[in-house]
Structure formats: C-alpha cells, structure tokens
Amino acid sequence: MSKYNYDLFVVGAGSGGVRAARMSAGLGARVAVAEDRYMGGTCVNVGCIPKKLLLYASQFQDEFKDATGFGWTVKSEAFDWSKLITNKNREIKRLNSVYENLLESAGAHIYNGRAELTGPHTVSVDGKNFSTERILVAVGGWPHIPDVPGREYAITSNEAFFLNQLPKRVVLVGGGYIAVEFAGIFNGLGSNVTQIYRGPVFLRGFDDDARSFLAQEMLKKGVDLRFNMDVSAITKSSEELTVALSDGTSINCDAVMYATGRKPLTANLGLEACGVTLGKNGAIVVNDRYQTNIESIYAIGDVTDRINLTPVALAEGMSLAWDLFSADEKIVDYEYVPAAVFSQPNLGTVGYTETRAREKFGSVTIYKSTFTALKHTLSGNDEKTLMKLIVDDASDRVVGVHMVGPDAGETIQGVAIALKSGATKSNFDRTIGIHPTAAEELVTMRDPVT
Ligand code: NDP
C-alpha cells in the first residue's frame, strides 16, 4: 500500500493535464486533478475551440458574396453577435462537462479549487492537504499586455470571447497567431479592423513568402495593416478609445485588443518554495522526460513555454503517462510539428522555412505556385492561394511545405504525415493528384523557382 493519497496529482485541467490524468488513471494510477477556473483549459474555453467557432461565423460574409456568382441571391446578411456568443457558450459548457465526465469515468478525482504545491509530495487545494508520489504542473499560460500607458483599457483574447456587443472599430496589437486570427474574425463579422505590428511583416518565424502573401490577402479583404508601428498610449473618452501610434498618428476605435504573447501561469503556485527552477518568463524548466529539478515534480504544455500548441501538450501528457505508469516508452518527436494559423485565408505549415532550410541543409530547391482556386472563377472573389515546397538537394527530401489558402490547415495535416515519413520530391511527383482540388498542386509542381 502506497504511503501517499495519490500516485499523480495533476494541477491544471487543460489539454495536457486532462490527457495525462486520463491516461495515467487508465493505466491504473490513482490520480487527482485540481482546477480553479474551467474544465478543458485555454483551448476549450478561450482558445482553439471558441476561436474556430467565431472563425466559421466570420467566413459567411465572403460566402454570401461568393454565392452570387453561382446564381444565388442572398436576401439578408444581418448578423447577431449575442446569438453567436450564446450558442458558442452553450457548446463550450457542453465540452466542459464532456471533459469532466472523461476524467471521472477514467477514475480520476476532480477538485475544483486553487491548488498550491506545499512540498515535493504535497498539494493543498483550498486548504485541504493531499500527499502524492508525483505532481504534474500543467497550468498553461495567460495573455500578457506590455506596459503601455492606458493598458487598462485594452482587452485580450480572454475577454474578446465574451464581449457584450461586436465592436464597430477594433485595433489589434501584435503580429502572432492570435492577432492575425482575430483580425480576420472581426473583419469578417463586419468590424473595421486595424492591426498594429512592431516589425516589418507579421508572423515572425513563419516562411517569409507565406507571411507577405497572407498580408496581401488580408489587405484585399479590408484589414488595415500597419507594420513597423508601435502603440505609445491608449486613452478613453466617454464615446471611444484613442490609440496613439509611434508615427504620431492616432486611431479612434471601440475596442483595443492586445495579442502580444502569453506567459506561463506559474505565480503563486508554491513552485519557488518547493525549489522548482523557473526560466525565462516564469516557464518551468524540464528535462526531456518533463521532469523538473525536483525529482517528483513534472510539467508539460504551455507552462514550459516551448511549442505552445494543444496537440503538443496532448502528446506530452500521453508520453508522460506511459513513461510513469507503463513499461512502454513513447517519446514525443518535436520535428515536423505542423501548425495552422486560422487567418483568412488560412496559413498551414510543416517543416522548415526557406531561410531555416538554407541554414540547415545548404543547397535547397524551391517550388512555388500561386493560383486562383476554381471556385473563384465564378465567385469573382480575387483571393489567391500560395503553395510552396522546399526540397533538400542532397537527399531529395521535402523539408518544408507552406500554404496560404482556404482550409490550409486541413491540407497540411495530411502533408505532415508525408514529411514525417521522409517523403522525397520524387515521392510527391509520383503521387497522383485529386482533380479538381487546390491540394493537387502539391504533387504537380515540376519547375523550381530557384
Ligand atoms: P505570439 O507569441 O504568437 O505572438 C506575439 C506577438 O506579439 C508577436 O508578433 C510579437 O512580436 C508581439 N509582441 C510581443 N511583445 C510585444 C510588445 N511588447 N509590443 C508589441 N508587440 C509585441 O503570441 P499570441 O499571443 O499571438 O499567441 C500565443 C501562443 O498561443 C502562440 O505562440 C501559439 O503558440 C498559441 N496559439 C496557437 C494558435 C494556433 O495553433 N492556431 C492560435 C492561437 C494561439 P515579435 O514577433 O516582433 O516578437
């Protein structure tokens, strides 16, 4: 009989924590999970899921316009924000209970309360103490607004999902996933959108062609992109907010949303008192088996601030559970992790950017295609699609695929399997296309651009 109440105490019921808890309980471990906010964490409540629902809502405007070229007359385009938010909230509530049921049916004990680590083997939840052989910290991250005068008037993605009404004019600050995605969402829903980014082109770290191509497409859809620009202050009057910019100009608006990154939520968890080493931005430092410097304390997902994506946290949760409670070892492979920015149009990516591929492989060949999707020959929509392949000359292996276009996330998920399996350009060339699709372009690009 173990001297501890639990084999694993998970702090945080987000994507990674829930997966680790479920898997561990399924493997026979005695598991507890503490959560003081919402079941399912950021992804389910204020991230991936509600974002994608809002994205769907925002795409109808283009769909209505596109429909006319196909003979449809769309009579009413009235949009009801409150209805969207109510319906979205209902779905999220359903998912919260799905998560709760999954944990309970796996046999994990749920504690709804604020957990604090009181030692290497002890956790207290709202004053109730538990002993545990191991602790897993999976508390995720939280949006960060830099120290700009008037920052108290700005919202983050957390609040954007619950606004009482759709702001007519929105200023988005930042050039990462969230800012780009919300620029498209608000624009599609009919708001007047300005996006402010401090660098020359947004989405730093993504392939340069994809970045600039997406910027052009967003401009065409009416988003006012201001690059090489900073916010110097935000002020509020009775009617509106005013955003003063680094070039001396200003913008009046109804909402200012900051999406300038997220920080690990490690404050007031008792980590310092336990001696857990924290790194940059308060991220928990772990080894390749998710173990902190304190042997019995582990961490996965956004709180470790590495690849902050839900599927990565899920993979880490599973890997840790297998590691701790089974004879099997399932190491997470962080190479060729695909990703999509749910911008409009989507940006899907897997593997190396052209710049990074040149650095790593030296000699590479680039294939690139820009085209109008078949649908838009009748819709009259001037949206274009970009496909780009990067091939390592020495091995003929395709080491990067980047796409900007409708459903790029869906397309790139399949391509990621090929890249992960080591597909070469000649494998791509020998693959028969599916006609007529946009994706067939991936297997029909024959002439390199460089
Ligand atoms: P990101 O880290 O992606 O982007 C932050 C942006 O804010 C960058 O453009 C950055 O500029 C800018 N920035 C940072 N600090 C400042 C500052 N002081 N002043 C002005 N600009 C600043 O963060 P997000 O908030 O967009 O998203 C957080 C994370 O959530 C992402 O990294 C991603 O891992 C995850 N996510 C994933 C999604 C998906 O998979 N589709 C969707 C949404 C989020 P610079 O580049 O110059 O540093």
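Remember, it's a predicted structure, so these values are computed and weren't measured experimentally.

Draft legend 1. Region of interest: the site of the ligand. Neighbouring the ligand are 19 residues; Tyr197, Arg198, Arg204, Asn308 and Ala340 lie closest to it. The contact in question runs from an oxygen atom of the ligand to an N or O atom on the backbone of Gly176, over 3.2 Å. A distance of 2.7 Å separates an oxygen atom of the ligand from a polar backbone atom of Asn308. With the chains in place, 76% of the 910 Å² that the ligand exposes on its own is no longer accessible. If you tally residues by element for the shell around the ligand, the top one is helix 6 (residues 177-189), at three residues. Looking at the shell around the ligand residue by residue, the classes come out as eight nonpolar, six polar and five charged.

Draft legend 2. Expanded view of a nonpolar patch on the surface. Taken together, the side chains of Phe70, Trp72 and Leu378 define a hydrophobic patch exposed on the protein surface, amounting to about 370 Å² of accessible area. Trp72 sits in the exposed class, given a relative accessible area of 61%.

Draft legend 3. Examining the sheet that holds strand 13 (residues 250-253) more closely. Strand order in the open sheet formed by three strands is 11-12-13, with antiparallel pairing between adjacent strands. Of all strands in the sheet, those with a lone pairing partner are strand 11 (231-236) and strand 13, marking the two edges. Taking the axes of each pair of neighbouring strands and ignoring which way they run, one obtains an average angle of 20° across the sheet. Sheet topology note: the strand 11/strand 12 (residues 241-245) ladder contains five bridges and is antiparallel. Within strand 12, the residue paired with Thr235 across the bridge is Thr242.

Thresholds, definitions, all that
Residues numbered from 1 in each chain as written. Predicted model: local features only at pLDDT ≥ 70, side-chain atom pairs only at ≥ 80, totals over all residues. Heavy atoms only, no water. Near = heavy atom within 4 Å. Polar contact = N/O pair within 3.5 Å; in protein donor to acceptor, adjacent residues only side chain to side chain. Areas by Shrake-Rupley, 256 points an atom, 1.4 Å probe, with all protein chains shown as cover. Helix = DSSP H or I, 4+ residues; strand = E, 2+ residues; numbered from the N terminus. Nonpolar A, V, L, I, M, F, W, Y, C, P; charged D, E, K, R; others polar. Patch = residues over 30% accessible without salt bridge, like charges linked within 9 Å, V, L, I, M, F, W, Y side chains within 5 Å. Salt bridge = Lys/Arg side-chain N within 4 Å of Asp/Glu carboxyl O. Buried < 20%, exposed > 50% of the residue type's maximum accessible area, 1.4 Å probe, protein only. Pairing = 2+ DSSP bridges. Axes fitted to C-alpha atoms, helices over the stretch in contact; angles between N-to-C directions.

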